[in-house]
Amino acid sequence: MKEEIVSLKNTWVYFNDILVLEDVTFSLKKNDFVSLIGPNGGGKTTILKIILGLIKPDKGEVFVFGKAPEKGRKSIGYLPQYSFVDLNFPINVFEVVLMGRYDTVGKGYSKEDKDRALNALKTVGMLEYKDRQIGRLSSGQLQRIYIARAICREPELLLLDEPTASVDPEMQKSFYELLSELKKKMAVILVTHDISVVSVYVDSVACLNRRLFYHGSSEAALKKLEQVYECPIELLAHGIPHRVLKKHGK
Amino acid sequence: MIELLQYEFTRNAILAALLVSVACGIVGTFVVIKKMVFISGGISHAAFGGIGLGYLLGINPILAAIPFSLLTALGIGTISKTIKVAEDTAIGILWTLGMALGIVFVNLAPGYAPDLFSYLFGSILTVPSTDLILMLVLDFVIVTVVIFFFREFKAISFDEEFSTVIGVPARGLYLLLLCLVALSVVVMIRVVGVILVIALLTLPAAISRQYTYNIKKLMLLSSIVGAVLTIVGLLLSYLFDLASGATIVLVLVLCFLFSWILKRSK
């Protein structure tokens, strides 16, 4: 049996008395590639933040690499959905990516760290921009930088919160190609609204709308959705994703 | 001009300007890029409570201001992030609390407080040598801490949540950064006074950041700008017999406006 690296048991989360996650049990094993889908406000980002130890559940147990979530951070690469950063901040592309290699207080960045950061920039096709101040990039380019920052950590678990939201189609494709390479080396949780991606690249799906409705192979998930709606899933996903997923509970 | 340097008080004043510029360049850079101006304003004003306490206890007010402003920094930093009060509201409350305490302490202190005014508005020409040594020590602490935690301070300034995710102890280091602000305030009180300290913590870095996108260069440039403009302000205040703290601030503001216009008109 494969090693379990994330385990949420009967997890409940409230934000100011609003129920965000209801009795969610979720597990992820080594080298799994899971896609989290669900409507806005369904709790997808919340699950990622629980795994990162940024949100403490009100009830339930969480283990990441068999430890408390904040102890697992060294082995996690994270791509946030939004970064509320000051685009005028005095920092360049390389420095942002290098932060992904941060280890601990007092231990500076080594030559290897710098090489990995440059490599990651090359992977996302942004090497030539390495000295540019981050405010002088487009939002899609910035997203690529954040992708590089997440992967240069060489994590055992990669958490991606809508990674391709502002990236052009060409980059999207090469990003998913990259992911299918990366998933050989690490477990991936991908939050996305892009169900066409799920059908091609992802092994399993978790549908989340406050409760976890389905957690299993993506093939079965897609079949199920197609059965319910009697039309190709891609159409559904791109057309009216929120309604599709809301009806899930009935 | 040269004969001015023969006097101990002018030499002390120039030394004070140089010591202040170290703190304003290094800590001021973080104050500006992490957008901590208002919280720093709160810490600097609340430091007046420490000055008052010094009068009350009969010790050097600058010395008393060190623990007082450190506690204020920790208090503001903790309360503004834990209690369900808007951060600026919490700052406003502690800002005025510190000042009010300072005034009450001075009232309670026996006798008359002769140079109280200089702690409020600064008096660079009357900085005693003992305070210079204190300023030097505080500068040394500030520089050492920033060198050691530079990567962490940069990370939390850029994106606090992400820095937590990569394992930076962001909460603690934020409080440490506020403590550095508190120490810088103490370094600067003698020169511009608690009310005008925030000018030295923001203007040199605000002027300099228009010219560089590198944090280390920004610190260096802010220090140089701080030193030059403080000394220019000092000279002008001497020549025109004006209050030194206020003159320094006016020079800083004018220079900011000038550099801003120059940058925009290109």
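Above this text you will find the structure in question.
Model, not experiment: these values are computed from the prediction. Here, residues in each chain are numbered from 1, in the same order as that chain's written sequence. To label them, take the chains in the order written and letter them from A, then take the ligands in the order written and number them from 1. Selection of residues for local features in this predicted model requires a pLDDT of at least 70, selection of side-chain atom pairs for listing and counting requires 80 or more, and totals for whole chains, interfaces and linings are taken over all residues. Just so you know, side-chain values use all the structure's heavy atoms and leave hydrogens and water out.

Student: What is the right way to look at the interface of chain B and chain A in this model?
Tutor: Frequently, the measure chosen for interface size is the accessible area that the parts lose on association. Across the boundary between the two partners, chain B contributes 25 residues, which contact 31 residues of chain A. Regarding the contact of chain B and chain A, the summed buried area is about 2600 Å², with carbon and sulfur atoms giving 63% of it. Accessible area that two parts lose when put together, with a 1.4 Å probe and added across both, is what the buried area reports. Among the residues chain B hides against chain A, the three largest losses belong to Arg-151, Phe-158 and Tyr-213 of chain B. Together they make up 33% of the total. Note on definitions: salt bridges are taken to be side-chain nitrogens of Lys or Arg within 4 Å of carboxyl oxygens of Asp or Glu. Here chain B and chain A share four salt bridges between them. In this structure, Asp-86 of chain A and Arg-209 of chain B form a salt bridge, with 3.9 Å as the shortest nitrogen-oxygen distance. Only heavy atoms enter the contact rule, under which two residues are in contact if any of them lie within 4.5 Å.

Student: Is there a simple way to think about the sheet that holds strand β2 (residues 18-29) of chain A in this case?
Tutor: Picture the strands of a sheet paired through backbone hydrogen bonds; they go either parallel or antiparallel. Residue and element names in this part refer to chain A. Criterion used throughout: strands pair if DSSP finds at least two bridges between them. Helix numbers and strand numbers start at the N terminus; a helix is a DSSP run of H or I with at least 4 residues, a strand a run of E with at least 2. Spatially, three strands are ordered β2-β1-β4 in an open sheet, and the strand pairing comes out antiparallel. Only two strands of the sheet have a single neighbouring strand rather than two, namely β2 and β4 (59-64). Geometrically, the sheet is characterised by an average inter-axis angle of 15° between neighbouring strands, direction not taken into account. Simply put, an axis is a line fit to the C-alpha atoms, just over the touching stretch for a helix, and the angle between two N-to-C directions goes from 0 to 180 degrees. Taken strand by strand, helix α1 (residues 44-51) contacts β1 (4-15), β2 and β4, and its axis lies near 120° from that of β1.

Student: Is there a simple way to think about the packing of aromatic side chains in this case?
Tutor: The description of an aromatic ring pair uses the distance of the two centres, along with the angle that the planes make with each other. Ring pairs are drawn from Phe, Tyr and Trp, using the six-membered ring of Trp, whenever the two centres fall within 6.5 Å, and their geometry is named by plane angle: stacked under 30 degrees, edge-to-face over 60, tilted for the rest. Taken as a whole and assessed by the stated rule, the structure comprises 10 aromatic pairs over all chains. Measuring from ring centre to ring centre gives 4.8 Å for Phe-117 of chain B and Phe-121 of chain B, while their planes differ by 50°; the resulting arrangement is tilted. Of this pair, Phe-117 of chain B and Phe-121 of chain B are both found in helix α5 (residues 116-121), four residues apart, which corresponds to roughly one turn of the helix. With relative accessibility at 32%, the residue Phe-121 of chain B sits in the partly exposed group. We count a charge as sitting over a ring when the NZ of a lysine or the CZ of an arginine lies within 6 Å of the ring centre and within 35 degrees of the ring normal. The ring centre of Trp-12 of chain A lies 4.3 Å from the NZ or CZ of Lys-59 of chain A, which sits over that ring. One Lys or Arg, Arg-151 of chain B, reaches over the ring of Tyr-109 of chain A and ends 4.5 Å from the middle of that ring. Using a 1.4 Å probe on the protein chains alone, a residue whose accessible area is under 20% of its type maximum counts as buried, one over 50% counts as exposed, and one in between counts as partly exposed.

Student: Could you clarify how one ought to interpret the environment of Gly-50 of chain B in this entry?
Tutor: All names here are of chain B. Counting through the fold element by element, Gly-50 comes out in helix α2 (residues 37-57). We classify Gly-50 as buried; its relative accessible area is 0%. Taking C-alpha positions, Gly-50 is 31 Å from Leu-221, a pair spaced 171 residues apart along the chain. Leaving out residues up to four positions away in the same chain, Gly-50 has contacts with Pro-61, Ala-64, Ala-65 and Phe-68.

Student: What's the story with α2 of chain B in this structure? I'm lost.
Tutor: In an α-helix there are 3.6 residues to a turn, and that puts residues three or four apart on one side. Residue and element names in this part refer to chain B. The end-to-end C-alpha separation of α2 is 31 Å, in line with the 30 Å expected for 21 residues at 1.5 Å each. For α2, a buried count of 16 out of 21 residues is recorded, marking the element as mostly surrounded by other parts of the structure. Looking at the residues trailing α2, positive phi occurs at Gly-58, about 70°. Multiplying one less than the number of residues by 1.5 Å gives the expected span of a helix.

Student: Looking at this structure, I do not really get the pattern of salt bridges. What am I missing?
Tutor: Oppositely charged side chains may form a pair once their charged atoms are brought near each other. All names here are of chain A. If you walk through the whole model with that rule in mind, you get 21 salt bridges over all chains. For Glu-154, the salt bridge identified is with Arg-101, shortest N-O distance 3.5 Å. Linking Glu-154 in the loop between α4 (139-151) and β6 (157-161) with Arg-101 in the loop between α2 (93-98) and α3 (111-123), this pair joins segments that are 53 residues apart in sequence. For Glu-154, a relative accessible area of 45% corresponds to the partly exposed category. Between Lys-183 and Asp-203 there is a salt bridge, with its nearest N and O atoms 3.7 Å apart. Note that Lys-183 is positioned in the loop between α5 (169-182) and β7 (187-191) and Asp-203 in the loop between α6 (195-201) and β8 (204-209), a separation of 20 residues in sequence. Residue classification places Lys-183 among the partly exposed residues on the basis of a relative accessible area of 21%.

Student: What's the story with the nonpolar core in this structure? I'm lost.
Tutor: In a soluble, globular protein the nonpolar side chains are often hidden away together inside. Among buried residues, those of type Ala, Val, Leu, Ile, Met, Phe, Trp, Tyr and Cys that are joined through side-chain atoms within 4.5 Å constitute a nonpolar core. With 168 residues, the main nonpolar core has Phe-26, Ile-51, Leu-157 and Leu-179 of chain A together with Phe-153 and Ile-189 of chain B as its most contacted residues. Among the elements that make up this core, the one with the highest residue count is helix α9 (residues 170-208) of chain B (26 residues). Non-local contacts of Leu-157 of chain A, meaning those with residues more than four positions away in its chain, are made with Ile-5, Val-6, Leu-28, Ile-51, Phe-65, Ser-75, Ile-76, Gly-77, Met-186, Ala-187 and Ile-189 of chain A.

Student: Would you mind going over the sheet that holds strand β5 (residues 76-79) of chain A with me for this structure?
Tutor: Residues and elements named next belong to chain A. If you walk across this open sheet you meet the six strands as β5-β6-β7-β3-β8-β9, and the pairing is mixed. Each edge of the open sheet is held by one strand with a lone partner, namely β5 and β9 (211-217). Taking each pair of neighbouring strands and ignoring which way they run, the sheet shows an average axis angle of 15°. Its contacts with the sheet place α5 against β3 (33-37), β6 and β7, and it is angled at close to 155° to β6.

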